[in-house]
Amino acid sequence: MWKAIESAVSEFKKQENEGFWFDVFGKYVIGIIRIAQGQGNFIVGWDTDEKKIVHVSNGEFEERVFMYDGYVYSVCEVC
């Protein structure tokens, strides 16, 4: 899974990964890769049945993500 995420997120290779958070929602693993103290985060979704990435999006300042009814939602830090 990790190699597929690295190749799908080109910015990931340019920045230093500061950590990540993932959770399981049925057959999906959805999570945040933390980069640049939250300023460059990515939201990533992995389908465990198909063994492929099904979601990649901008996750700047995102704290948590979850999946409901086939959609990915996120909780963002607001200052």
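By convention here, each chain's residues receive numbers from 1 onward along its written sequence. Restriction of local features to residues with pLDDT of at least 70 applies here, the model being predicted, together with a cutoff of 80 or more for giving and counting side-chain atom pairs; totals for whole chains, interfaces and linings are based on all residues. Note: side-chain values were computed over all heavy atoms of the structure, leaving out hydrogens and water.

What follows covers the sheet that holds strand β3 (residues 42–47). Spatial strand order, β1-β2-β3-β4: four strands in an open sheet with antiparallel pairing. Either end of the sheet is taken by a strand with one partner, and the two such strands are β1 (17–25) and β4 (52–58). Pairwise comparison of adjacent strand axes, ignoring direction, gives a mean angle of 20° for this sheet. Pairing between strands is defined by DSSP: at least two bridges between them are needed. Here a helix means four or more residues in a row that DSSP labels H or I, a strand means two or more in a row labelled E, and each is numbered from the N terminus. Comment: axis = line fitted to C-alpha atoms, over the contacting stretch for helices; angle = value between 0 and 180 degrees taken between N-to-C directions.

Here we come to the pairing of strand β5 (residues 62–68). Across six bridges, the pairing between β5 and strand β6 (residues 71–76) is antiparallel. Within β6, the position partnered with E62 by the bridge is C76.

On to the pattern of salt bridges. A carboxyl oxygen of Asp or Glu within 4 Å of a side-chain nitrogen of Lys or Arg is what we treat as a salt bridge. A complete count under the given rule lists one salt bridge for this structure. The closest approach of N and O atoms between K27 and D47, which form a salt bridge, is 3.2 Å. With K27 in the loop between β1 and β2 (28–35) and D47 in strand β3, this residue pair connects regions lying 20 residues apart in the sequence. A simple rule labels every residue: compare its accessible area, found with a 1.4 Å probe on the protein chains alone, to the largest value its type can have, and call it buried under 20%, exposed over 50%, or partly exposed in between. Classification of D47 by relative accessible area gives buried; the value is 3%.

So, on to the nonpolar core. Remark: nonpolar core denotes a set of buried residues (Ala, Val, Leu, Ile, Met, Phe, Trp, Tyr, Cys) joined through side-chain atoms within 4.5 Å. Of all hydrophobic cores here, the largest spans five residues; its members are I30, I32, I43, V65 and M67. Among the elements of the structure, β2 and β5 are those that each provide at least two residues to this core. Sequence-distant contacts of I30, that is, excluding residues within four places in its chain, are made with W21, F22, D23, F25, I43, V44, G45, V65, M67 and V72. Residues are treated as being in contact if the distance between any of their heavy atoms lies within 4.5 Å.

Just distances and angles here, no functional claims.
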